[in-house]
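# Residue-level structural notes
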Amino acid sequence: DAGVTQSPTHLIKTRGQQVTLRCSPKSGHDTVSWYQQALGQGPQFIFQYYEEEERQRGNFPDRFSGHQFPNYSSELNVNALLLGDSALYLCASSLGSLQETQYFGPGTRLLVL
Amino acid sequence: GESVGLHLPTLSVQEGDNSIINCAYSNSASDYFIWYKQESGKGPQFIIDIRSNMDKRQGQRVTVLLNKTVKHLSLQIAATQPGDSAVYFCAEGRNQGGKLIFGQGTELSVKP
């Protein structure tokens, strides 16, 4: 039973660039949530996708956008990168009923120079 | 506001002892609480959760206690092992599958 997978594992970008991160949910899950984890901090909720639409959103600017595909995988896009966007980006998957536990992937470490 | 905080940023225990990690939350509307364990270089791993209609829940070597009166959550680990060394996060939400609000984490160090 495949768990949550994310790619790439590490990424280095420069300020102003754009980045796309990818997530495949755990087998049987249809909901994907994205979190940003700065060094030494707890994860912060970015948004959640269910049925290919954004269902919930945290306090992140419009530079952060996402997409969910029919196979339930998801992408996180960040435009106009800032130094402060350097973080571990985590994807969590769950079932869409909102009554199921979220399981996290290993994350993508993004460094913005 | 929305915040979940931890009383102790670091905790060092002897192998075989019991560990207690504490957490305070501020949102009275939260009805779901969860503990995650995060090892270095990995994503958070689910440990145990509890709903607001309960005050105690037990798992394998772990127990979560919820005190809604003082908005306090704790994780007890019995017979702590070196493999338990990690950062532990509590999180709160309105439901299991929705937005989770995380605290800053407590680093647990287990001495052999």
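Parameters and conventions
- Residues numbered from 1 in each chain as written.
- Chains lettered and ligands numbered in written order.
- Predicted model: local features only at pLDDT ≥ 70, side-chain atom pairs only at ≥ 80, totals over all residues.
- Heavy atoms only, no water.
- Disulfide = S-S within 2.5 Å.
- Helix = DSSP H or I, 4+ residues; strand = E, 2+ residues; numbered from the N terminus.
- Buried < 20%, exposed > 50% of the residue type's maximum accessible area, 1.4 Å probe, protein only.
- Polar contact = N/O pair within 3.5 Å; in protein donor to acceptor, adjacent residues only side chain to side chain.

The full count for this structure, using the stated rule, is 2 disulfides over all chains. The partner cysteine of Cys23(A) in its disulfide is Cys91(A), sulfur to sulfur 1.8 Å. Between Cys23(A) and Cys91(A) the disulfide shows an S-S torsion of about -55 degrees. By sign, it is left-handed. Taken together, the residues span a long stretch of sequence, with Cys23(A) in strand β3 (residues 19–24) and Cys91(A) in strand β9 (residues 87–94) at a distance of 68 residues. There is no split in this pair, since Cys23(A) and Cys91(A) are both buried. Two residues, Cys23(B) and Cys90(B), share a disulfide whose sulfurs are 1.8 Å apart.

On to the side chain of Asp85(A), then. Here Asp85(A) shows up in the loop between β8 (74–78) and β9. There is a polar contact of 2.9 Å between the side chain of Asp85(A) and the side chain of Arg63(A).

Read these as spatial facts, not as claims about activity.
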